[in-house]
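The chain contents come next:
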Amino acid sequence: MAGNNKKVRNNNDIELKDRLVAINRVTKVTKGGRTFSFSAIVVVGDENGVVGWGLGKANEVTTAIAKGVEAAKKNIVRVPILNGTIPHEQVTKFGGAQIFMKPASHGTGLVAGGAMRAVLESAGVTDVLAKSKGSANAHNLVKATINALCEMRDARTVAMQRGVTLDKVFNG
């Protein structure tokens, strides 16, 4: 995963809101009958540039969600957000899911579907145009969206990495 240096230590002073993306019922057939278990993919974020995802599996839905939230709190990253949108266009692929995100002007709103919407809302993005192509699998969409957000760099970061001034970044 790109952007491992963006990992955030989870201090309890960060107020994280959790959002359920998908629940999957899994059936195991044994000689004694069917056994049902559940897996839940959950996204947490502070709506201010911090977001994480987690997968919880258990025999009950509520336990699976709780496990997913705990896993998400261990997998938190910081993403750049400029005036409620993303810094630049991004195309990312994870498994069969391919996503495209593009910054939008203020007032456009969050134009994204399903799993992408949950991740972007949790991160605090308010204006963006996004499209998912390929697989609609919620697990791969969440991972692709978070990878795309981790690969984003704002102008200040680019200037520091290149060792030049902000003016040089914009004007060449």
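So, how was this worked out
- Residues numbered from 1 in each chain as written.
- Predicted model: local features only at pLDDT ≥ 70, side-chain atom pairs only at ≥ 80, totals over all residues.
- Heavy atoms only, no water.
- UniProt positions renumbered as here; feature names shortened; annotations may be inferred.
- Core = buried A, V, L, I, M, F, W, Y, C linked by side-chain atoms within 4.5 Å.
- Buried < 20%, exposed > 50% of the residue type's maximum accessible area, 1.4 Å probe, protein only.
- Helix = DSSP H or I, 4+ residues; strand = E, 2+ residues; numbered from the N terminus.
- Domains from an automatic or database assignment.
- Contact = heavy atoms within 4.5 Å.
- Pairing = 2+ DSSP bridges.
- Axes fitted to C-alpha atoms, helices over the stretch in contact; angles between N-to-C directions.

An unreviewed UniProt entry lists the protein under the name Small ribosomal subunit protein uS5, from Marinilabilia rubra. Reading the Subunit (unreviewed entry) entry of the UniProt record for the protein gives the comment "Part of the 30S ribosomal subunit. Contacts proteins S4 and S8." Within the UniProt record for the protein, the comment given under Sequence similarities (unreviewed entry) is "Belongs to the universal ribosomal protein uS5 family."

Remarks on the nonpolar core
One finds Met101, Leu120, Val142 and Leu149 to be the most contacted residues of the largest nonpolar core, which totals 29 residues. At the level of secondary structure, the elements contributing two or more residues to this core comprise β2 (33-45), β3 (50-58), β6 (97-103), α2 (114-123), β8 (128-134) and α3 (138-151). With 8 residues, the top contributor of residues to this core is α3. Two domains each donate at least three residues to this core, and these are domain 1 (17-77) and domain 2 (79-164). If sequence neighbours within four positions are ignored, Val142 has contacts with Val21, Ile41, Val43, Trp53, Ala115 and Val119.

Details of the sheet that holds β3
One open sheet holds the 4 strands; their spatial order is β1-β2-β3-β4, and the pairing between them is antiparallel. The outermost strands of the open sheet, each flanked by one partner alone, are β1 (17-30) and β4 (76-78). On average, adjacent strands in this sheet sit at an angle of 15° to one another, irrespective of strand direction. Across 8 bridges, β2 lies against β3 in antiparallel orientation.

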